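What the coordinates show
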Amino acid sequence: MPIDAAKAVAAEPRTAEIAWGHKDVQLYHLGIGAGVPATDPGELRYTLESRLHVLPSFATVAGAGSPGVIGGLSMPGVDVDLAQVLHGGQSVALHRPIPAEGSALATSRIAAVYDKGKAAVLVLRTEARDAEGPLWTNDAQIFVRGEGGFGGDRGPSTRLEAPEGPPDTVVERPVREDQALLYRLSGDWNPLHADPGFAKLAGFDRPILHGLCTYGMTLKAVVDTELGGAVARVRSYRARFAGVVLPGETLRIRVWRQQGGVRVSVTSVERDDAPVLADTVVAYDTPAGPYGSPGTGTDTGTGTGAGTGRDPADGHA
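Thresholds, definitions, all that
- Residues numbered from 1 in each chain as written.
- Predicted model: local features only at pLDDT ≥ 70, side-chain atom pairs only at ≥ 80, totals over all residues.
- Heavy atoms only, no water.
- 1 Å grid on protein atoms, 1.4 Å probe; cavity = no way out; pocket = protein on both sides within 12 Å on 5 of 7 lines; lining within 4 Å.
- Points joined across faces, edges and corners; volume = space filled by probe spheres on them.
- Nonpolar A, V, L, I, M, F, W, Y, C, P; charged D, E, K, R; others polar.
- Phe/Tyr/Trp six-rings, centres within 6.5 Å; stacked < 30°, edge-to-face > 60°.
- Helix = DSSP H or I, 4+ residues; strand = E, 2+ residues; numbered from the N terminus.
- Buried < 20%, exposed > 50% of the residue type's maximum accessible area, 1.4 Å probe, protein only.
- Core = buried A, V, L, I, M, F, W, Y, C linked by side-chain atoms within 4.5 Å.
- Contact = heavy atoms within 4.5 Å.
- pLDDT = per-residue confidence, 0-100.

1. Concerning empty space enclosed by the protein
- For the structure shown, the criterion picks out 2 cavities of 30 Å³ or more.
- In this structure, the second largest cavity spans a volume of roughly 30 Å³.
- Around the second largest cavity sit 11 residues that line it, and L82, A83, V85, L192 and A202 are the ones nearest its centre.
- For the lining of the second largest cavity, the residue count by class is 9 nonpolar, 1 polar and 1 charged.

2. Comments concerning the packing of aromatic side chains
- Tallying each qualifying case throughout the model produces 6 aromatic pairs.
- When the ring of Y215 is compared with that of Y237, the centres are 4.0 Å apart and the planes differ by 20°; the resulting orientation is stacked. Note that Y215 is positioned in helix α7 (residues 211–226) and Y237 in strand β7 (residues 234–241), a separation of 22 residues in sequence. For the pair Y215 and Y237, a shared accessibility class is recorded, and that class is buried.
- By way of ring pairs, the aromatic residues W20, Y28, F58, W136 and Y183 are connected into one cluster.

3. Re the nonpolar core
- Of all hydrophobic cores here, the largest spans 52 residues; its most connected members are W20, F58, I98, W136, V223, I253 and V282.
- Beyond its immediate sequence surroundings of up to four residues, I253 is in contact with T169, V170, V171, R173, M217, T218, A221, V264, S265 and V266.
- Of all hydrophobic cores here, the second largest spans 15 residues; its members include I3, V113, L122 and L124.

4. Quick look at the confidence of the model for the chain
- Residue-level pLDDT values for the chain average 88, and 87% of them are 70 or greater.
- Every residue in residues 288–314 is under pLDDT 50, and counting partners more than four places away or in other chains gives 91 contacts.

See the structure below:
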């Protein structure tokens, strides 16, 4: 079997020294659509080095994504066809704000392998820390089509009940035709997002947008509309990738406020609100007010089941 679950989970963690500078942060922000309008003060905090704030989802690409999702597919016990891989979900927990320039030791391991029947799910966990202590913890849920059915643990389902009532905020964000080509420069070189021939082998008519690009665009929309751009208030963020996004489409982002954060859903406007992100939660520190005292928030965590309750046929890489 291409995936040996016991071997993968027991494998020695991989560590790598990673470093990033303000240009890496700026490139990432541009890749998720920042900078429009170019002179807007709210956008300049993402694009101008003299006032740069780092969106927490930058953690998914810091150090060019090292070791990264694709790197996780070469872990001991894992030997799979990249064309059968889908990025099923992502969660990140922030231990403190990410600096605009820095270095860290990133340690990655396969935290769990689940048997979903027609697919296997790998949970790749990456923890980053610098000289001052922990910075962030990332969990990537990776679906590998055709690799299930080995009799393993199915794993937990973390599907959430649909939010009640109409959303508190609805925003739309356009996806440029070249969005995936720009985003991949931050380190995700999967040809699914650039090579038409490879996309067809994977079952798509043309290259699709990176799931993590949609993930970043969504967090930016929440930070801008709900937090006034205060990136340091974000404590954790998780999402399940429920469908693909094609470059040139428009994201419709619905936000429901709740204690300690927000629930979010993302759909494609052009495809009759086809789901894109589901079971999405952003937890953040809240000042004194209706949702609690200063510094409180609901930590969604990054457990090995986070975001894995999904259909293997859904999602995008």
